[in-house]
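The primary structure of each chain is shown beneath.
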Amino acid sequence: MISVKNLHVYYGLIEAVKGINFEVKEGEIVSLIGSNGAGKSSTLKALLNSVKKIGDINFLGYDTRNHKTHTLVQHGLSLVPEGRKIFINLTVEENLRMGAFNNDENYEHLRDTMYELFPRIKDKRHQLAGTMSGGEQQMLAISRALMGEPKLLMLDEPSLGLAPKIVGEVFEIIMRLRDEGITILLVEQNAFAALKISDKAYVLENGKIVMNGVAKDMIGDDTIRKKYLGG
Amino acid sequence: MFMQQMVNGFSLGSMYALIAIGYTMVYGVLRLINFAHGDIMMVGGFLGYFGIAVLDLPFGAAVLLAIVGSALLGMASDRVAYRPLRSAPKISLLITAIGVSFFLENAFNVFFGGVPKAFPVPAYLENVIDFMGLTMPVSAILVPIITAFLLAIILWVLYKTKYGMAIRALAFDVGTVNLMGIDANRIITLVFGMGSALAAVGGIFWAVNYPSVEPMMGVLVGLKAFAAAVVGGIGSVGGAVLGGLIIGFTEVVVIAFFPELGGYKDAFAFIFLILILLFKPTGILGIDFEKSRF
Amino acid sequence: MNNFMIKKEQWLKISFVVITLWFIWFANTHFDEYTVRILNNIAIFIILAVSYNLINGVTGQFSLEPNGFVAIGAYVAALLLVSPDAKQYQYAIVDPYPFVLTLHANFVVALLLGGAFAAILAAILSFPVFRVRGDYLAIVTLGFGFIIKILAINHPEVTNGSLGLNDIPEFSNLYWTGGIAIIAVITVLNIINSKFGRAMKAVRDDEDAAIAMGVNTFKAKTLAFCTSAFFEGVGGGLLAALLTSISPDLFDFFFTFQLLIIIVLGGLGSTTGAIIGTVLVMGGSEWMRFLDEPMHLFGYETAAMPGMRMVVFSLILIFIMLFAREGVMGKRELTDILKWRKKGGK
């Protein structure tokens, strides 16, 4: 679904991503794992052309160079950003509306679907989004992204700041989404949770991919266990 | 006498409020003090003058010309001068805004001349009527009424329409709006258009009340209107109106009761600004940027 | 190699100063009055530009203060320099306060007091403005300029209102303006290269990071602002003693706008740039006078368009911000460029 070749990301003079290659096939869950500052977030932002980059990115068969972020989103590439970035000054329902801004015909149907998937959100539909707990905000962020009917859903550190039980819930939802036919690209510091649900994984270190393979195999790998799974 | 001053205060305050709304909305989405905004008010006044005195249009048509022309100019200034600098350091944007402001003032100076032009006020607006025991020109009473009406429209747009919701979302974070598949830049330009339209109305009100237009008329008014926006709570439309009314009232009432302070009329806005920065920098309606806006 | 390079830098600086001093002497003895007048203007504006650059370019705080502080320095100096007799007859609106007639000081003290007043006012303004995170410095300084003008007009017992002050003795000559310009440039450069300067640049580059690193950003901003104000006040005094007559209209927004163009053109953050910018803008401004006059364009005669010069100025500023934001020097100084050359370029 998306293939990335020779991606470099620059912040000013600093090179955060130093030439990586990876791909995500339709229907897969792929994880990018690595410690803080390894370049994972930068990679996701680069796929949406939100940051300065060099590289070949092919999404659904066409070259994404020179496309603006919002156009790529309209074509099915969606991101649940780091820190969730829900519109705290808007209500829950307004957040969902924002997700389906360009989709007036389908909005109500999509919204009701989200309320079925995430009943906790439905209860708070007219509350300001900023009043919700961390886990609820994460649900809202995901459902907001889903309102755009994405083909490839990217999630940037979905477990950040969440209690372990909630993390479990979130990752279960991610698996269900894949079952519904959405391809997933996941960036995570919580390597274990990510590897457990992924098909494939890439390990990012200092802007380079140092390892990749089938996720199940990597859980058992010694180097991975020592560095990212707490030995 | 007191009632008379109250109406005058409302009138002046409404004019400041209309211009302050534009400042506060642009600041809310871009964190930019659009120095050229006060000059848009001037352009509105001049377009009205041009429509009546040169093009021989009826008053209503001239006002329409002023509003549409100013809105287009405001949107154009965003497209041409501010949008290319979206990712530039803030100071570049501020400097450019000053440049646009200075350009508008001097361009109109060259084109129309610096001498104030008498604004041709239609007779029905100059009619003096008996209002609650006072004799006042119709225009003085219409100003607050129309302003309240426009304010209601703006709030309706912001809270009851899709695009208004997008504007509020922009105030939280521009990048996230793009993530929704929305071209944030287009919405930003829309904000400029709305603010400029309101400023144009303010310009027409000003032109009708004084009644003249001159190229520098937006300078001091703009400064005070921005101070009003800060005093009321920058980023909040309600705050802009509140701040505008406060400053308008103060100017009128203080001068009415202490005419010897007349020369200092223009200093009050500045004093209020310093006071609010000292005691409550987020403004009277104290919108905390992290929590909510507008 | 390092030691050798440092010595080279010292030599460079000393020779610059010596050459400038020689040039001042040469110009003063050989050039005609018109040119000397322009050189005096340039020298004063260099003082103003390098200090304006300190708050705007080095510390990154957008400010519109110069016209206000220059006015203060000019009025303070004028009040101290105009003789009691001259004061007696020129206050035409109302009689001056008695203490106004007794105000007197020599030139140096007048300049220093003008600078001091400006710096004190700057310190007072700093408190409400720099305490909060926000972009209010620009609006506050813009308003400040207006307030100063209002005060000058509304207190004719002190300032002679709109008529302004005349018969200021013409103390300013190239030795004074040039000499103080040299002092100002050296002082500003020393501040920039000190730990204060590093704090200022940290505030400009990333204020959040600076705060996180423990930099006292309030102190850095206030220091930059007050230093700018001081030299602007001194410059105001020099200006008063050059023009021999000042009035509230002189210190309008265009005054600040010119300085803004100067430091932007030269390169925000570069002192060398501020100097280059001054020469370019002052020279260009003279040259552009023709824009305000009737012109012959393609065989047609256009009417005089006063204000066209200003339109062109504003377009130049917008153009620079859109297409050449770095200006001539960017953030670099002359010495940086020469070091670059020595290293063989990188």
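Preceding this section is the structure that the text describes.
The text that follows walks through the structure, step by step, so that each part is easy to find.

Calculation rules
Residues numbered from 1 in each chain as written. Chains lettered and ligands numbered in written order. Predicted model: local features only at pLDDT ≥ 70, side-chain atom pairs only at ≥ 80, totals over all residues. Heavy atoms only, no water. Helix = DSSP H or I, 4+ residues; strand = E, 2+ residues; numbered from the N terminus. Rg over C-alpha atoms; globule rule 2.2 N^0.38 Å. Buried < 20%, exposed > 50% of the residue type's maximum accessible area, 1.4 Å probe, protein only. Contact = heavy atoms within 4.5 Å. Lys, Arg positive; Asp, Glu negative; His and termini not counted. Charge placed at Lys NZ, Arg CZ, Asp CG, Glu CD. Areas by Shrake-Rupley, 256 points an atom, 1.4 Å probe, with all protein chains shown as cover. Buried area = accessible area lost by both parts, 1.4 Å probe. Polar contact = N/O pair within 3.5 Å; in protein donor to acceptor, adjacent residues only side chain to side chain. Nonpolar A, V, L, I, M, F, W, Y, C, P; charged D, E, K, R; others polar. Pairing = 2+ DSSP bridges. Axes fitted to C-alpha atoms, helices over the stretch in contact; angles between N-to-C directions. Salt bridge = Lys/Arg side-chain N within 4 Å of Asp/Glu carboxyl O. Core = buried A, V, L, I, M, F, W, Y, C linked by side-chain atoms within 4.5 Å. Left-handed = near helix turned anticlockwise from the far one by under 90°. Expected span 1.5 Å × (residues − 1). Phe/Tyr/Trp six-rings, centres within 6.5 Å; stacked < 30°, edge-to-face > 60°. Lys NZ or Arg CZ within 6 Å of the ring centre and 35° of its normal.

**A word on the overall build of chain C**
Within chain C one finds 16 helices and 2 strands. The C-alpha atoms of chain C give a radius of gyration of 21 Å, which matches the 20 Å a tight globule of 346 residues would have. Counting only C-alpha atoms, chain C reaches 65 × 60 × 40 Å along its principal axes. Expressed as a percentage of its 346 residues, the buried residues of chain C come to 52%. Excluding contacts between residues fewer than 6 apart, the proportion of contacts in chain C whose partners are at least 24 apart in sequence is 81%. Counting 24 positive and 24 negative side-chain charges, chain C places the averaged centre of each group 17 Å from the other.

**Observations regarding the overall build of chain B**
In terms of regular secondary structure, chain B is built from 12 helices and 4 strands. Taking 19 Å as the expected radius of gyration for a compact globule of 294 residues, we find that chain B reaches 19 Å, a close match to that expectation. With the principal axes as the frame, chain B shows a C-alpha extent of 55 × 45 × 35 Å. In chain B, buried positions account for 61% of the 294 residues. The long-range fraction of contacts in chain B, counting pairs at least 24 apart against all pairs at least 6 apart in sequence, stands at 75%. Carbon and sulfur atoms make up 71% of the accessible area of chain B, which totals about 10,600 Å². Averaging the positions of the 15 positive and the 14 negative side-chain charges in chain B gives two centres separated by 13 Å.

**Things to note about the environment of Ala212 of chain C**
Residue and element names in this part refer to chain C. Looking at the element boundaries, Ala212 is found in helix H11 (residues 207-212). Residue classification places Ala212 among the exposed positions, given a relative accessible area of 69%. For Ala212 and Phe319, which are 107 residues apart along the polypeptide, the C-alpha to C-alpha distance reads 36 Å.

**Observations regarding the interface of chain B and chain C**
A common way to express how large an interface is: the accessible area buried when the components associate. Residue-level contacts link 41 residues of chain B with 44 residues of chain C. Here chain B meets chain C over a buried area of about 3,600 Å², counting both sides, of which 82% is carbon and sulfur. Along the contact surface separating chain B from chain C lie 4 residue pairs in polar contact (both at pLDDT 80 or more). The set of elements that each furnish at least two residues to the side of chain B that touches chain C consists of helix H3 (59-82), helix H4 (90-112), helix H10 (217-233) and helix H12 (267-279) of chain B. Broken down by element, the side of chain B that touches chain C gets its largest block of residues, 14 residues, from H4 of chain B. Of the residues assigned to the side of chain B that touches chain C, the class counts are 33 nonpolar, 5 polar and 3 charged.

**Concerning the sheet that holds strand E5 (residues 62-63) of chain A**
All names here are of chain A. Spatially, the 4 strands line up as an open sheet ordered E2-E1-E4-E5, and their pairing is antiparallel. One side of each edge strand has no neighbouring strand; the edge strands of this open sheet are strand E2 (14-24) and E5. Summarising the sheet, strand E1 (residues 2-11) and strand E4 (residues 53-59) pair through 6 bridges and their orientation is antiparallel. Bridged to Val9 within E4 is Lys53. Seen against the sheet, helix H1 (residues 40-47) touches E1, E2 and E4 and runs at an angle of roughly 115° to E1.

**Describing the side chain of Arg97 of chain A**
You can see Arg97 of chain A is positioned in helix H3 (residues 92-99). When residues no more than four places from it in sequence are discounted, the contact partners of Arg97 of chain A are Asp104 and Tyr107 of chain A together with Lys162 and Met165 of chain B.

**Some points on the interface of chain B and chain A**
Listed as interface residues are 21 residues of chain B and, on the opposing side, 21 residues of chain A. Interface of chain B and chain A: buried area, both sides summed, is about 2,000 Å²; carbon and sulfur atoms make up 68% of it. Here chain B and chain A share 2 salt bridges between them. Counting across the chain B and chain A interface gives 6 residue pairs in polar contact (both at pLDDT 80 or more). Breaking the side of chain B that touches chain A down by element, the ones donating at least two residues are helix H7 (162-172) and helix H8 (174-179) of chain B. The biggest single contributor to the side of chain B that touches chain A is H7 of chain B, with 7 residues. Here the residues of the side of chain B that touches chain A sort into 10 nonpolar, 4 polar and 7 charged.

**A look at the sheet that holds strand E9 (residues 200-205) of chain A**
Residue and element names in this part refer to chain A. Read from one edge to the other, the open sheet built from 6 strands follows the order E6-E7-E8-E3-E9-E10, with strand pairing classed as mixed. Looking at strand neighbours, the two that pair on one side only are strand E6 (77-80) and strand E10 (208-214), the edges of this open sheet. Averaged over all neighbouring strand pairs, the angle between strand axes comes to 15°, with direction disregarded. Sheet topology places E9 next to E10; 6 bridges connect them, and they run antiparallel. Bridge pairing links Val203 to Met211 in E10. Contacting strand E3 (29-33), E6, strand E7 (152-156), strand E8 (183-188) and E9, H1 runs over the sheet at an angle of about 145° to E8. Helix-sheet contacts for helix H6 (residues 134-146) involve E6 and E7, and the interaxial angle to E6 is about 170°.

**Structural notes on the nonpolar core**
Ranked by internal contacts, the top residues of the largest apolar core, which has 281 residues, are Met98 and Leu185 of chain A, Phe35 of chain B together with Phe62 of chain C. When neighbours within four sequence positions are excluded, Met98 of chain A is seen to be in contact with Phe87 and Leu90 of chain A together with Met165, Ala166, Ala169, Val177, Met180 and Ile182 of chain B. One finds Ile24, Val36, Leu39 and Leu174 of chain C within the second-largest nonpolar core, a separate group that totals 6 residues.

**What to know about the pattern of salt bridges**
All names here are of chain A. What the rule picks out here adds up to 22 salt bridges over all chains. For Glu23, the salt bridge identified is with Lys25, shortest N-O distance 3.4 Å. On the accessibility criterion, Glu23 (33% relative accessible area) is partly exposed. Note on Lys25: relative accessible area 43%, which makes it partly exposed.

**Details of the packing of helix H2 (residues 37-54) of chain B against H3 of chain B**
All names here are of chain B. Relative orientation of the contacting elements H2 and H3 amounts to 145°, with a least axis distance of 8 Å. The two elements H2 and H3 cross, and the hand of that crossing is right-handed. Contacts between H2 and H3 involve Ile40, Val43, Gly44, Leu47, Gly48, Gly51 and Ile52 from the first element and Phe59, Ala62, Leu65, Ala66, Gly69, Ser70, Leu73 and Gly74 from the second. Grouping the amino acids of the contact of H2 with H3 by side-chain chemistry returns 9 nonpolar, 6 polar and no charged.

**Here's the deal with helix H1 (residues 2-30) of chain B**
Residue and element names in this part refer to chain B. Taking 1.5 Å per residue as the helical rise, H1 with its 29 residues ought to reach 42 Å, and the 41 Å between its terminal C-alpha atoms agrees with that figure. Taking burial as the measure, the 29 residues of H1 include 23 buried ones, the bulk of the element. Taken from the residues just after H1, Arg31 is the one with a positive phi, measuring 55°.

**Considering the packing of aromatic side chains**
Per the stated rule, a full pass over the model turns up 35 aromatic pairs over all chains. Summarising the aromatic geometry, the rings of Phe101 of chain A and Tyr163 of chain B are spaced 5.4 Å apart at their centres and angled 85° between planes, so their arrangement reads as edge-to-face. Residue Phe101 of chain A is located in the loop between H3 and helix H4 (107-117), and its partner Tyr163 of chain B is located in helix H7; the two belong to separate chains. Taking 6.3 Å as the distance between ring centres and 80° as the angle between the ring planes, the aromatic pair formed by Phe50 of chain B and Phe112 of chain B counts as edge-to-face. Residue Phe50 of chain B is located in helix H2, and its partner Phe112 of chain B is located in helix H4; the two are separated by 62 residues in the primary sequence. Of the aromatic side chains, those joined through ring pairs into one cluster are Phe46, Tyr49, Phe50, Phe108, Phe111 and Phe112 of chain B. Between Lys162 of chain B and the ring centre of Phe101 of chain A, over which it is positioned, the NZ or CZ distance is 4.6 Å. Here the basic side chain of Lys195 of chain C rests over the ring of Phe196 of chain C, its NZ or CZ set 5.4 Å away from the ring centre.

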